[in-house]
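Report on the structure
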Amino acid sequence: MQIFNAATLAYVATIGTTGTQQTTNAGFHLPTGVAYDPVNNQILVADQDNDRVQVFDGSSFAYVATIGQTGISELGPGVFSFPAGIDVDTVNNHILVADQNNSQVQILDSGTFTFVGVIGDPGGNPGTGNTEFNQPNDVTFDPVNDRILVADFDNNRVQIYDAASFGYLGTIGESGMPGSTNAELDGPASVTIDKVNGQVFVVDSVNQRVQVFSQQPLPASLVSAVLPGSRSVEIGTAATVFSTMLNSGSTSLADCQIGLPATAPAGLTLGYQTTNAGNQLTGRPTRRSRLPAMARRTSC
């Protein structure tokens, strides 16, 4: 990894050994992503073929820590299989890692490097749903709107999520459909944010171009309400609440579900099931559902 002065572009330093693949703490094997954490003054490198994230001091460039198991491709919290892109959420103090071969984006605490949560299928399976990926290649944090953007390479799209709840917000591109119009993508390899002019830059690799999109606020087409606001039960006893989801948009929404926030206490679990107008259970327990345009779904 080469470091240059941002103002003069003069060479400053090298981390790693030029032209040599390494598994040591000071070396890399196909580093593919780098991010700077201004809160902790650290440099984070997605060391792809070593299946790890390397952390270095931002001033001395000295090795600090390894996240993952060097040279071991794994599925699970805090371990990776081909980590590709990386960024730092400076608002919520998270490290975001595009865990490519596991079809996930892993979220880690930027201070302790401990696992916080995951976007994508926990079993590492690729998919086309709004909360699934197929070869996520890059991830970036939007501090202006508190969002996470993911370049979902094989699904030919960029997915947008709320950075606090990890809830799905929107899509750039046509899911699963490569194309070359201005609204389509083919193999989006990288994504980043222009914080000054409010724009999204997407490296549209197969189309040999960079696409620029406006960072306009996304319409809030999915609205939900939960009743009651609080409930007390004995430990070990299930508490029941009702949630109503309303799709006020003009298109249907896939993979609608109810989930716990990332800050939920350890050991707390949640199950849900759709109900009819008479609050009688319908459908299958804990099953994602499609919400048609201008429709309502009630679950308990």
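Quick notes on the rules
Residues numbered from 1 in each chain as written. Predicted model: local features only at pLDDT ≥ 70, side-chain atom pairs only at ≥ 80, totals over all residues. Heavy atoms only, no water. Helix = DSSP H or I, 4+ residues; strand = E, 2+ residues; numbered from the N terminus. Buried < 20%, exposed > 50% of the residue type's maximum accessible area, 1.4 Å probe, protein only. Contact = heavy atoms within 4.5 Å. Core = buried A, V, L, I, M, F, W, Y, C linked by side-chain atoms within 4.5 Å. Phe/Tyr/Trp six-rings, centres within 6.5 Å; stacked < 30°, edge-to-face > 60°.

Some thoughts on the overall build of the protein
Helix and strand counts for the protein come out as zero helices and 23 strands. Counting all 300 residues of the protein, 40% fall into the buried class. Within the protein, contacts between residues separated by at least 24 positions form 41% of all contacts whose residues are at least 6 apart in sequence.

Quick look at the nonpolar core
As a rule of thumb, soluble globular proteins bury nonpolar side chains together. Among the nonpolar cores identified, the biggest contains 14 residues, and Leu-44, Val-53, Ile-67, Ile-86, Ile-95 and Val-97 are the most heavily contacted of them. Of all elements in the fold, only β4 (42-47), β5 (52-57), β6 (63-68), β7 (83-89) and β8 (94-99) reach the threshold of two or more residues within this core. Setting aside residues no more than four positions away along its own chain, Val-97 makes contact with Val-53, Phe-80, Pro-83, Gly-85, Ile-86, Gln-104, Val-105, Gln-106, Leu-108 and Val-139. Membership of the second largest hydrophobic core comes to 13 residues, among which are Val-105, Ile-107, Phe-133 and Val-139.

Notes on the environment of Gly-76
Of note, Gly-76 is situated in the loop between β6 and β7. Residue Gly-76 is classed as buried on the basis of its relative accessible area, which comes to 16%. Considered as a pair, Gly-76 and Gln-106 are 30 residues apart in the sequence and their alpha carbons are 9.3 Å apart.

A few points about the packing of aromatic side chains
This model, assessed by the stated rule, comprises five aromatic pairs. Note on Phe-28 and Phe-56: the rings are 5.8 Å apart at their centroids and 70° apart in plane angle, and the pair reads as edge-to-face. Taken together, the residues span a long stretch of sequence, with Phe-28 in the loop between β2 (11-14) and β3 (31-37) and Phe-56 in strand β5 at a distance of 28 residues. Residue classification places Phe-56 among the buried positions, given a relative accessible area of 1%. Centre to centre, the rings of Phe-133 and Tyr-161 are 5.9 Å apart; their planes meet at 75°, and the pair counts as edge-to-face. Separated by 28 residues along the polypeptide, Phe-133 in the loop between β10 (115-120) and β11 (136-142) and Tyr-161 in strand β13 (residues 157-162) bring together distant segments of the chain. Phe-133 gets classed as buried once you look at its relative accessible area, which sits at 0%. Of the residues examined, Tyr-161 reaches a relative accessible area of 0% and is grouped as buried.

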